[in-house]
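Overview (structure and organization)
Now for the letters of each chain:
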Amino acid sequence: MTLRRTVATAVAAAVTTPAVLFGTTPAFADDTPTASVTTPVAAEDAARNAGVLRGGVLAGKIDAGGDTAGAQAAEPSVEELEKAAAQAQKAYDDAVAAEKAALAAVEAAHSDDFPLAVVAEAAAKAAADAATAKTSADKALADAEAALAALPETAGPEEKDAAEKAVADAATAAGTAADAKTAADEKAKQTATDLGDARVASVRGLSKAQEAVKKALEAKKAADKALEDALEEQKPVPCRPESELTATLSGLPTRIAAGSTVEMKLRITNGTDRTLDEVWPFVYVHGIEKGGYEPVNDRMHLQWSTPTQTWTDAGDDYTAGSVASLKAGGHADIKLRLTVDAGTPDAAGAAFIAADYVNEDGTCGGSPKLTPYDFEVTAKPAPSASPSPGAATGTGTQTQTTTTQPLTTTSGSLASTGSSAALPQLAAAGAAVALGAGAVFAARRRKADSAS
């Protein structure tokens, strides 16, 4: 899901902005004076289309990988993650509010005017008063008993009856005071227990609220991180320019006669220190009729083959097959053959080559530049078809140019030192090769077990 979204964004940028993602090397030179140009649309399209087509191929390869990953484990959409983050934020806010309320409850429970505190204080005072009353009643009883015992033997019956009644009354009062004290003590104890329980409960409630805040904050951070990662994955990320992945073409003649077929060899070399899981050689052949700007692409037909693959049309994606697990320091050779239809007019041509890779971990990249190899198409059979002598003019022995520039910067300009009417225009257009190829942008797919 993420890769499809990313590639779509990048491709949209590719067709609306003049960003140069891959460049070409100076490759065209001839003794023919440059013709006056007023509308070099077709010439510019040659180099530009090479880059865009290359980008589209890599986009398709990355997008296909993203579809496979999506089928294995669907990822939540950004909208879903935004909703989850909002819910986590609300849960956190609620938890903070609950913590604040719990703290207020603790403070209230420990205040003097807390209802249970008021009740407990009153019960404690009542118990103290009951204790004082019992002490007084016990003393009164003791005094009455002492008075009864102190009566002389000469005391009359009435005096003895009064003393005994005083003892009985004091005993009753003492018993009542004792009962009152017991009840008051029980109430004081219970209210004190109730107050203590309430205060302990308030502290426990605060502790739980604080733990809830901690968990809600962790959940909020996780939701925010998931959303942040998803938004980050939406941003176009340039594939890595890999100057050590080279593509060289040998055997391309300087002149090809209409109605003939020539064979060449494309070598892809992995000069890096790691295995590249899958490499796609890119070959785009373009021609413009001399004296005009009419392309002759539909008259030129490219095929490729390997020891295990028969001749196959390059097709719409302009890739010459693919190389799986190209080991560090290794290379792969692909045979190419170009057939030019009979009746093709004199034309200036160029073959643009490069190599791109995508690894199983989602990393991707490719040759920092498209390398052009120039040739001419002659309407009549040429006297000879020998390879060009050197790389400076984009000949069949030209080697891959390397650079450390990012894929998203313009890489060099092309020389225009004179050629046939069409060749210098192709060269000038080379500076705009690879207009915004959406494929060089690919979100780096994270493995499920690498989430942080």
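As a further point, take the state of the cysteines. Counted according to the given criterion, the structure contains one disulfide. Disulfide pairing places Cys239 opposite Cys364 at an S-S distance of 2.0 Å. Across the S-S bond of Cys239 and Cys364 the torsion is about -80°, and the bridge reads as left-handed. Separated by 125 residues along the polypeptide, Cys239 in the loop between helix H5 (157-234) and strand E2 (240-241) and Cys364 in strand E12 (residues 364-366) bring together distant segments of the chain. The two residues Cys239 and Cys364 agree in class, both being buried.

Turning our attention to the sheet that holds strand E10 (residues 331-340). Spatially, the five strands line up as an open sheet ordered E3-E5-E10-E7-E8, and their pairing is antiparallel. One side of each edge strand has no neighbouring strand; the edge strands of this open sheet are strand E3 (245-250) and strand E8 (309-313). Strand-to-strand twist of the sheet, defined as the mean angle between neighbouring strand axes without regard to direction, takes the value 25°.

Residues Leu249, Leu266, Ile268, Val279, Leu336 and Leu338 are the most contacted members of the largest nonpolar core, which totals 34 residues. Residues within four places of Ile268 in sequence aside, it is in contact with Leu245, Thr246, Ala247, Val279, Pro281, Leu326, Gly330, His331, Ala332, Ile334 and Ala355.

When pLDDT is averaged along the protein chain, the result is 76; 67% of the residues meet or exceed 70. pLDDT under 50 marks residues 66-72. Its contacts with residues more than four places away, or in other chains, come to six contacts. Predicted confidence for residues 388-452 stays below pLDDT 50, and this span has 236 contacts to residues more than four positions away or in other chains.

With the rule as written, the count across this model stands at three aromatic pairs. Ring centres of Phe282 and Tyr318 lie 6.5 Å apart, and the angle between their planes is 55°; on these two criteria the pair is classed as tilted. Note that Phe282 is positioned in strand E6 (residues 276-289) and Tyr318 in the loop between E8 and strand E9 (323-326), a separation of 36 residues in sequence. Overall, the relative accessible area of 1% leaves Phe282 in the buried class. An aromatic cluster is built from Phe282, Tyr284, Tyr318 and Phe352, whose rings are joined through pairwise contacts.

This brings us to unusual backbone geometry. Residues other than glycine seldom take positive phi values, yet Tyr318 does so here, at roughly 60°. Of note in this structure, Ser325 is not a glycine but carries a positive phi near 50°. Among the secondary structure elements, Ser325 is positioned in strand E9. Judged by relative accessible area, Ser325 falls into the partly exposed class, the value being 44%.

Before going further, it helps to examine helix H3 (residues 78-109). Taking 1.5 Å per residue as the helical rise, H3 with its 32 residues ought to reach 46 Å, and the 46 Å between its terminal C-alpha atoms agrees with that figure. Turning to H3, its buried residues are Val78, Leu81, Ala85, Ala88, Ala95, Ala102, Val106 and Ala109.

Let's shift gears to the packing of H3 against H5. Two elements in contact, H3 and H5, have axes whose closest approach is 7 Å; the angle formed by their N-to-C orientations is 160°. As the angle between them shows, H3 and H5 are arranged roughly antiparallel. Where H3 crosses over H5, the handedness of that crossing is left-handed. Looking at the contact of H3 with H5, its residues break down into 30 nonpolar, five polar and five charged.

Rules behind the numbers
- Residues numbered from 1 in each chain as written.
- Predicted model: local features only at pLDDT ≥ 70, side-chain atom pairs only at ≥ 80, totals over all residues.
- Heavy atoms only, no water.
- Disulfide = S-S within 2.5 Å.
- Helix = DSSP H or I, 4+ residues; strand = E, 2+ residues; numbered from the N terminus.
- Buried < 20%, exposed > 50% of the residue type's maximum accessible area, 1.4 Å probe, protein only.
- Pairing = 2+ DSSP bridges.
- Axes fitted to C-alpha atoms, helices over the stretch in contact; angles between N-to-C directions.
- Core = buried A, V, L, I, M, F, W, Y, C linked by side-chain atoms within 4.5 Å.
- Contact = heavy atoms within 4.5 Å.
- pLDDT = per-residue confidence, 0-100.
- Phe/Tyr/Trp six-rings, centres within 6.5 Å; stacked < 30°, edge-to-face > 60°.
- Expected span 1.5 Å × (residues − 1).
- Parallel < 35°, antiparallel > 145°, perpendicular 65-115°, else oblique.
- Left-handed = near helix turned anticlockwise from the far one by under 90°.
- Nonpolar A, V, L, I, M, F, W, Y, C, P; charged D, E, K, R; others polar.

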